[in-house]
Amino acid sequence: VCAWHPCPSTETALGSSDNLEHRRKDRQVRLAAFGINSILYQRGIYPPETFTRVTHYDLSLLLTTDPKLKSYLTNVVSQLKEWLFECTVQKLVLVITCLETNEVLERWQFDIECDKSAKESSAPREKSIKTIQHEIRSVIRQITATVTFLPLLETPCAFDLLVYTDKDLVVPDKWEESGPQTIDQPEEVRLHSFTTSIHKVNSMVAYKKTESA
Amino acid sequence: MDLEDDTTILTTLKSFNSFISRPEHPQRLSEHSAGSGILQSQYKRSMELLEAAERVHSKNRYLQLDQEKKQMELSHKRARFELERAASDSARDLEHEVDRNQELLGQIKKLEERAEEVNKKLTEQKEANDALQKNLEGLNKTLEERDDKLGTANQTIRSLKDEIRELRQKIQNQDSKMSAQTLENQELQEKIDLQQRKYQEVSQLCQSLQAAQSSCSDHIIKIKELERRLVFQEQDFAIVKTVKSEVARVPDLEKELKRLRDDNAYLRLNTFLKENCSLLKEEVEGLRKKLERMEKTKEELINMELEKELHAWENLGQSTGLNIRKPEDLSREVIQIQQREIALKEQNYTLNSRVRSVERSQSELRAELTQQHSKTLEEQKKREAQDALVRRLQKRVLLLTKERDGMRAILESYDSELAPTEYSPQLSKRLREAEDILLKTQSHNAEMEAQLTKAQEETGTLKLQLQTVSEPALLNSVCACIFFLRQKIEDLERERQRLEEQNNILEMRLERHNLQGDYDPVKTRVLHLKMNPTAIAKQERQQEVEALRQEVTRLRDLVRSLQSGGAVGHSQDDTHNPSFSLSLAPSKEVLDLRKQMESSELRNQRLKEVFQRKIQEFRTVCYVLTGYQIDITTENQYRLTSVYAEHMDDSLLFKKGSNGSMQLMETEFSKTLGEMVALHLHHQKSIPAFLSAVTLDLFSRQTTV
């Protein structure tokens, strides 16, 4: 995902609150991107040899090298950043469908908070690498932990990214409206929502119950 | 009593009714016997009845009214009871309120006292505030004055600093001049010292020179003697050299002599060599001459060398430019040179000593310089320290003067403040404030009292209301209203709870749906990229599936065609078999083979046709030409039927034997041709003749018959 390379150095304050807001949203989006990459790797949607270890913020993270996937993710993520800044995004959902039966097997849902009042300098202006690392690690840890109880994906699958936005939003060119793509009779697991200094991210994963057992 | 009343009423009514009905009967019976008296009696009776009815009615009414009255009394009692209760309650409430009132009054009093205290404190604090403000003002004034003074002092300081700077600069200039002059002095002194030292040295040198000269003369004499000795020694040396050389030559000559003697002896001994004696003698003479010549040349050489030396000595004199003709001149020259050398060495020594002394003096001077420098630095530091001290002291003086002035000013201000003209407005202000506070508290008191009176009035009105209640209907209505309202409240509460539960359930459901991903279509929208991986994957999958299907159909057709491929090869169809039109790479050989097969089969067919045709032609020709149709019945058996045969079954059978000869078989026809058989076959042993005979015979038969 890091085709749009985020700056690995510490974020230093520049003074304007817009910049701060930008960087906050940037970080949220970056977290989401890392999370998506780790989900794709852990669930085996793409073969593990297409992922490389890249160092960002002194952490070694897995990112995909597939060019089509990279371009797709950059498109989505850039649009998401715009929408985040306008505070029109409510949720980001990663849907995994089975190609044979066209059924939705898994659904990862991230609730994104757009707190318009959080523009004061209540948060420290300088975000050290440690806090960023902590955030990234917590996301990836949760995802890795959920893999232990999620059922195996034996059939070939593909994934899709859905964005829940406000109704009165102008739909850009390459985007179209889609259904919520919910699972029929799912098992739901709420992930431990982690708090950063700015916002609270609620995440949960829903998966189709396996017919055996 | 009521019931008795009722029964009496009912009985009276019954009796009345019966009475009314009875006279009707007799009325009917006795219609005819009626007269005016009966009518009157009837009328009277009716009137009496009416009166009785009226009386009964009135009794009823009276009874009803009694009942009502009793009911009213009961209700009245009840109302009175309740009223008394209410009155007692209200009395109790009154008492309570009165107590409360008293309490409130007590509280009010306490509050008032507290307010007064607070006011007093306020006033005191205000006084203190005012005093402090005055102090502040005084201090501000003093501060301002001090600031002014500070400003002026700063200005003076600045001017003084400038002056100081200028003075310092002057001092520095003068110091520099002084230093320059001292340096000059020092230089001059040094020069003087140098000169003095030079003079001393020169004097020393003179003395030393004189001593040296005396010694020199002594030395010269010694040298002369030594030189003479040297000369003698050199001559001796030369002689010795020549002698040495000669002596060195002696062994050679002795060797030569020995050799010559040996030769002579040899020659002498040898008589044969007498003849060569003359030669030898001539050789000897020649050698002697050579010897003589060699000696001459040697002498000449020696002379030459001597002359050369002389020349050299002379040349020396010419080369050195000195007046040298004899070695005495040389010696003189040498002496002079040596003297010069000595003099130069002496000069060298003196110069070295001078240099050393100068260096010593220089080092001493440098040490003195450093000492002077350090001394100057120390003096400068001392001066600076003293300047600082001076400044500090000046500052202290200034501060003290300022303090003194300030204190004086404070004192003056305090003295001035005590003038009464500045004091009264503050007092009046305070008075006004106190009055305001007083007014406020008074108004507050008045309000409280008004509230109290209101409360009292309300209790009074309540009492009056309770006392003046006469209509039970009001109370009833009030009670009914209350009851109704209470019921309504309960209903509403129950509904509220129900609605709350429903709300909770719905919220849970909503949350669950939210978890599952539902959204409110009015507010939110779900978007995704058109070219997302799932769509792409689905498309690819579909394409794959379609491709696979196409391949499957194609393969099925192939298989079918392969299965039916064997049957197609034998028939001579020109129809294009779909399998032949396919160009599968691995079955090219098969196709070629098939083609070959087809072509060969076609060829075969054509050949067969041709053969058949040809055979048919040949047979017909044979039949026509020979007149016999030859058929092969079985192996090696030939049946011939003639053209002119009378019956269809008339035929001759021939069999091919093992050796290849044809033999006629018995047939019915052949039995009739016994003669010919015997003639042609047995005698002539020719089948063609037999056959031709048979045809002729048959032909003749046919034509005749």
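Just so it is clear, the model here is predicted, and its values are computed rather than measured.

Novice: Can you help me understand the overall build of chain B in this one?
Specialist: Looking only at helices and strands, chain B has 13 helices and five strands in total. Classification of the 705 residues of chain B by burial places 14% in the buried group. Across chain B, contacts joining residues at least 24 apart in sequence account for 49% of those joining residues at least 6 apart. Surface exposure of chain B reaches about 58100 Å², of which carbon and sulfur atoms provide 57%.

Novice: Quick question: what am I supposed to make of the overall build of chain A here?
Specialist: For chain A, the helix and strand inventory stands at three helices and nine strands. For chain A, the α and β elements follow one another from N to C terminus as α-β-β-α-β-β-α-β-β-β-β-β. Counting all 213 residues of chain A, 52% fall into the buried class.

Novice: What am I meant to see in a positive patch on the surface here?
Specialist: Residues and elements named next belong to chain B. Side chains of R158, K161, R168, R391, R392, K395 and R396 sit close together on the surface and give a patch of like positive charge. When contributions to the positive patch are tallied by element, the ones reaching two or more residues are helix 2 (36-269) and helix 4 (327-417). With four residues, helix 4 is the largest single contributor of residues to the positive patch. In this fold, R396 is placed in helix 4.

Novice: How should I be thinking about the sheet that holds strand 2 (residues 628-632) of chain B in this particular structure?
Specialist: The pairing of strands in a sheet happens through backbone hydrogen bonds and is either parallel or antiparallel. All names here are of chain B. Taken together, four strands build an open sheet; the order of strands is 2-3-4-5 and the sheet is antiparallel. A single partner strand is all that each edge strand has here, and the edge strands are strand 2 and strand 5 (662-665). The mean angle between the axes of side-by-side strands here comes to 30°, regardless of whether they run parallel or antiparallel. Where strand 2 meets strand 3 (residues 637-642), five bridges bridge the pair, whose relative direction is antiparallel. Across the sheet, Y628 pairs through a bridge with S642, a residue of strand 3. Relative to the sheet, helix 13 (residues 687-704) contacts strand 2, strand 3, strand 4 (652-656) and strand 5, its axis offset from that of strand 4 by approximately 170°.

Novice: Just to check I follow, could you spell out the packing of helix 12 (residues 674-684) of chain B against helix 13 of chain B for this structure?
Specialist: Two quantities define a packed helix pair, namely the angle between the axes and the distance from one axis to the other. All names here are of chain B. At a minimum axis separation of 8 Å, helix 12 and helix 13 run at an interaxial angle of 160°. The angle between helix 12 and helix 13 falls in the class roughly antiparallel. Regarding helix 12 and helix 13, the two cross each other, and that crossing is right-handed. Listed contacts from helix 13 to M676, V677, H680, L681 and Q684 of helix 12 are I687, A689, F690, A693, V694 and D697.

Novice: What is the right way to read a nonpolar patch on the surface from this model?
Specialist: On the surface, I239, V243, V247 and V250 of chain B cluster together into a nonpolar patch covering about 310 Å² of accessible area. Looking at the secondary structure, you find V243 of chain B in helix 2.

Novice: What's the story with the nonpolar core in this structure? I'm lost.
Specialist: In terms of nonpolar packing, the biggest core is built from 50 residues, with W108 and F159 of chain A touching the most fellow members. In contact with W108 of chain A, not counting residues within four places along its chain, are I39, R43, L92, V93, L94, I96, I143, T146, L150, L191, M204 and V205 of chain A. Listed in part, the 14 residues of the second largest apolar core include F669, V677, L691 and A693 of chain B.

Novice: Explain the interface of chain A and chain B here, please?
Specialist: Contacts between chain A and chain B engage 41 residues on the former and 26 residues on the latter. Counting each side, the surface lost to burial between chain A and chain B is near 3000 Å², with a carbon and sulfur contribution of 55%. Counting every contact that joins chain A to chain B gives two salt bridges. A salt bridge links R541 of chain B to E100 of chain A; the nearest nitrogen and oxygen atoms lie 3.8 Å apart. At the surface where chain A touches chain B, the tally comes to 13 residue pairs in polar contact (both at pLDDT 80 or more). Secondary-structure elements contributing two or more residues to the side of chain A that touches chain B are helix 2 (67-86), strand 3 (89-98), strand 4 (104-111), strand 5 (157-166), strand 6 (175-177) and strand 7 (186-190) of chain A. Ranked by the residues each element gives to the side of chain A that touches chain B, the list is headed by strand 5 of chain A, at nine residues. Here the side of chain A that touches chain B is built from residues that sort into 18 nonpolar, ten polar and 13 charged. As judged from the three bridges shared by strand 6 of chain A and strand 1 (residues 524-529) of chain B, these two strands associate in the antiparallel manner. Bridge assignment links E176 of chain A to a residue of strand 1 of chain B, and that residue is H528 of chain B.

Novice: Hey, could you run me through a negative patch on the surface in this one?
Specialist: All names here are of chain B. A cluster of acidic residues, E144, E145, D147, D148, E412 and D415, forms a negative patch on the protein surface. Counting residues per element, the ones that place at least two in the negative patch are helix 2 and helix 4. Take the negative patch: its biggest share by element is four residues, from helix 2. Tracing the backbone shows D415 in helix 4. When its relative accessible area of 55% is taken as the criterion, D415 is described as exposed.

Novice: Quick question: what am I supposed to make of unusual backbone geometry here?
Specialist: Peptide bonds are trans in most cases, and residues, glycine excluded, mostly fall at negative phi. Look at N102 of chain A: it is not a glycine, yet its phi comes out positive at around 55°. Structurally, N102 of chain A can be placed in the loop between strand 3 and strand 4. Residue K685 of chain B is not a glycine yet carries a positive backbone phi of 55°. With respect to the helices, strands and loops of the structure, K685 of chain B is situated in the loop between helix 12 and helix 13. Taking relative accessible area as the criterion, K685 of chain B reaches 66% and is therefore assigned exposed.

Novice: Any chance you could explain the confidence of the model for chain B here in plain terms?
Specialist: Detailed reading of the predicted model is not advised wherever pLDDT is low. Residue and element names in this part refer to chain B. The predicted model of chain B has a mean per-residue pLDDT of 87, with 90% of residues at 70 or higher. Long-range and interchain partners of residues 570-583, a stretch whose pLDDT sits below 50, account for 13 contacts in this model, where long-range means more than four residues apart. Taken together, the chains of this predicted complex give a pTM of 0.35 and an interface ipTM of 0.78.

Novice: Please clarify how the pairing of strand 3 of chain B should be interpreted in this entry.
Specialist: Note on strand geometry: in a regular strand, side chains alternate between the two faces of the sheet. In this sheet, strand 4 of chain B lies alongside strand 3 of chain B in antiparallel orientation, the contact comprising four bridges. Across the sheet, residue R639 of chain B finds its bridge partner in strand 4 of chain B, namely L653 of chain B.

Novice: I keep staring at the pattern of salt bridges and nothing clicks. Help me out?
Specialist: Side-chain pairs of opposite charge can arise whenever the charged atoms involved come near each other. Residues and elements named next belong to chain B. For the structure on display, the rule yields 24 salt bridges over all chains. Ionic pairing is found between K345 and E341, a salt bridge with its closest N-O pair at 3.5 Å. With K345 and E341 both in helix 4 and four residues apart, this pair spans about one turn of that helix. Residue R404 pairs with D405 through a salt bridge whose shortest N-O separation is 3.9 Å. According to the relative accessible area criterion, R404 is partly exposed, its value standing at 43%. Connected through salt bridges with shared partners, the residues E127, D130 and R430 form a single ionic network.

Novice: Just to check I follow, could you spell out the packing of aromatic side chains for this structure?
Specialist: When we look at a pair of aromatic rings, we describe it by the centre distance and by the angle of the planes. All names here are of chain A. As enumerated under the stated definition, the model contains six aromatic pairs over all chains in all. Between F149 and Y207, the aromatic rings sit 6.3 Å apart at their centres with planes inclined by 50°, giving tilted as the arrangement. On the criterion of sequence distance, the pair formed by F149 in the loop between helix 3 (129-146) and strand 5 and Y207 in strand 9 (residues 200-208) is long-range, its members being 58 residues apart. Residue class for F149 comes out partly exposed when judged on its relative accessible area of 35%. Members of the aromatic cluster, connected to one another through ring pairs, are Y46, Y72 and F159. Between K91 and the ring centre of Y164, over which it is positioned, the NZ or CZ distance is 5.8 Å.

Novice: Please explain the side chain of K91 of chain A as it appears in this structure.
Specialist: Its location among the elements puts K91 of chain A in strand 3. Setting aside chain neighbours within four positions, we find K91 of chain A in contact with Q109, F110, D111, I112, L162, V163 and Y164 of chain A together with N514 of chain B.

Novice: Hey, could you run me through the side chain of Q79 of chain A in this one?
Specialist: Within the secondary structure layout, Q79 of chain A lies in helix 2. Those residues in contact with Q79 of chain A that lie beyond four places of it in its chain are P172 and W175 of chain A.

So, how was this worked out
Residues numbered from 1 in each chain as written. Chains lettered and ligands numbered in written order. Predicted model: local features only at pLDDT ≥ 70, side-chain atom pairs only at ≥ 80, totals over all residues. Heavy atoms only, no water. Helix = DSSP H or I, 4+ residues; strand = E, 2+ residues; numbered from the N terminus. Buried < 20%, exposed > 50% of the residue type's maximum accessible area, 1.4 Å probe, protein only. Contact = heavy atoms within 4.5 Å. Areas by Shrake-Rupley, 256 points an atom, 1.4 Å probe, with all protein chains shown as cover. Patch = residues over 30% accessible without salt bridge, like charges linked within 9 Å, V, L, I, M, F, W, Y side chains within 5 Å. Salt bridge = Lys/Arg side-chain N within 4 Å of Asp/Glu carboxyl O. Lys, Arg positive; Asp, Glu negative; His and termini not counted. Charge placed at Lys NZ, Arg CZ, Asp CG, Glu CD. Pairing = 2+ DSSP bridges. Axes fitted to C-alpha atoms, helices over the stretch in contact; angles between N-to-C directions. Parallel < 35°, antiparallel > 145°, perpendicular 65-115°, else oblique. Left-handed = near helix turned anticlockwise from the far one by under 90°. Core = buried A, V, L, I, M, F, W, Y, C linked by side-chain atoms within 4.5 Å. Buried area = accessible area lost by both parts, 1.4 Å probe. Polar contact = N/O pair within 3.5 Å; in protein donor to acceptor, adjacent residues only side chain to side chain. Nonpolar A, V, L, I, M, F, W, Y, C, P; charged D, E, K, R; others polar. pLDDT = per-residue confidence, 0-100. Phe/Tyr/Trp six-rings, centres within 6.5 Å; stacked < 30°, edge-to-face > 60°. Lys NZ or Arg CZ within 6 Å of the ring centre and 35° of its normal.

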